[in-house]
Amino acid sequence: MAPTLTKAAPSVEYAARLEHVSKSFTGPAGQQLVLDDISLDVAPGEFVTLLGASGCGKSTLLNLVAGLDLPTAGSISTDGRPALMFQEHALFPWLTAGKNIELALKLRGVPKPERRDKAEELLELVRLKGAHGKRVHELSGGMRQRVALARALAQESGLLLMDEPFAALDAITRDVLHDELTRIWAETGLSVLFVTHNVREAVRLAQRVVLLSSRPGRVAREWEVEIPQPRRIEDAPVAELSLEITEVLRGEIRRHGQH
Ligand SMILES: Nc1ncnc2c1ncn2[C@@H]1O[C@H](COP(=O)(O)OP(=O)(O)OP(=O)(O)O)[C@@H](O)[C@H]1O
Ligand SMILES: [Mg+2]
């Protein structure tokens, strides 16, 4: 059966909108300003990568967009409830791959008789046909992330938030999953906000790269990536733009005295 996810017609002017968002945490050393005055739109169907040094506040920002935490100042709106995917797959180990996806369908209110077929379709979409009955421990790291992606897609949200989802995978598996994600994004019309500290990954995937500075995190610069898809991480234009962005990122890190 062919996957049934179809390209969504844009119904709002943004998938996510952040207006003057700041976030502070209070710790033993007092108040720490992590994010400072961030304004950012993700357009419907847009693929944006959020790039920055370790500790600059990328996950904090993604958690705010996901509604897992509240900003200290500013406002965030999203078109519906976003789906989330993290570096750790966070699948339930006592459920099979298929049942993990069916659970997400259940939470979305999909009636029981439809869940099995829908889960099979989603597994096919991430090229894991036939894996419905597999237990999580029987799957490779790459396969687990495919299931996690299928589970995120099961939410049928217009906005997918991804926090370094491929960081723990080997380079070749990551390459394959980049291809899969690009294909699924093009097929479904999803909006994606993808966090990474890997410059090449950011350029490989995105239509727009947003660079965050460190301490506090601010939007330092943005790049429109006009290199046609499908791209390869080793393509010359990808390498060239990555080099330019890396230089700016290095400058940011130097400016804030980090290593
Ligand atoms: N719940 C929290 N309470 C206190 N401080 C926090 C909390 N969450 C994050 N921080 C602090 O905010 C800063 C940014 O953390 P965050 O995890 O967002 O960075 P990051 O850019 O995702 O880093 P990495 O690339 O290493 O994942 C860090 O200094 C961290 O210690
Ligand atoms: Mg993080």
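- An unreviewed UniProt entry lists the protein chain under the name NitT/TauT family transport system ATP-binding protein, from Streptomyces echinatus.

Looking at the sheet that holds strand β1 (residues 16-27)
- The sheet built from three strands is open, its strands ordered β2-β1-β4 with antiparallel pairing. Strands at the two margins of the open sheet, each flanked by one partner only, are β2 (30-42) and β4 (73-78). When strand polarity is set aside, the average angle formed by the axes of neighbouring strands in this sheet is 30°.
- Here helix α1 (residues 58-66) sits on the sheet and contacts β1, β2 and β4; the angle it forms with β1, its principal contact strand, is near 120°.

Digging into the packing of aromatic side chains
- Enumeration over the complete set of coordinates arrives at four aromatic pairs.
- Ring geometry for Phe92 and Trp94: centres 5.0 Å apart, planes at 35°, overall tilted.
- Residue classification places Trp94 among the exposed residues on the basis of a relative accessible area of 57%.
- For the ring pair Phe166 and Phe194, a centre distance of 6.0 Å and an interplane angle of 50° mean the geometry is tilted. Placement of Phe166 in the loop between β6 (159-163) and α5 (171-188) and of Phe194 in strand β7 (residues 191-196) is noted, with a sequence separation of 28 residues between them.
- A relative accessible area of 0% means that Phe194 is categorised as buried.
- An aromatic cluster is present here, built from Phe47, Phe166, Trp185 and Phe194 joined pairwise through their rings.

Regarding the packing of helix α2 (residues 97-107) against helix α4 (residues 141-154)
- Where α2 meets α4, the closest approach of the two axes is 8 Å, and the angle between their N-to-C directions is 20°. Our classification of the angle between α2 and α4 gives roughly parallel. For the element pair α2 and α4, the recorded crossing hand is right-handed. Of the residues in α4, those touching α2 at Ala97, Asn100, Ile101, Ala104 and Leu105 are Val147, Ala150, Arg151 and Ala154.
- Of the residues belonging to the contact of α2 with α4, the class tally is seven nonpolar, one polar and one charged.

Reading the values: rules and limits
Residues numbered from 1 in each chain as written. Chains lettered and ligands numbered in written order. Predicted model: local features only at pLDDT ≥ 70, side-chain atom pairs only at ≥ 80, totals over all residues. Heavy atoms only, no water. Pairing = 2+ DSSP bridges. Helix = DSSP H or I, 4+ residues; strand = E, 2+ residues; numbered from the N terminus. Axes fitted to C-alpha atoms, helices over the stretch in contact; angles between N-to-C directions. Contact = heavy atoms within 4.5 Å. Phe/Tyr/Trp six-rings, centres within 6.5 Å; stacked < 30°, edge-to-face > 60°. Buried < 20%, exposed > 50% of the residue type's maximum accessible area, 1.4 Å probe, protein only. Parallel < 35°, antiparallel > 145°, perpendicular 65-115°, else oblique. Left-handed = near helix turned anticlockwise from the far one by under 90°. Nonpolar A, V, L, I, M, F, W, Y, C, P; charged D, E, K, R; others polar.

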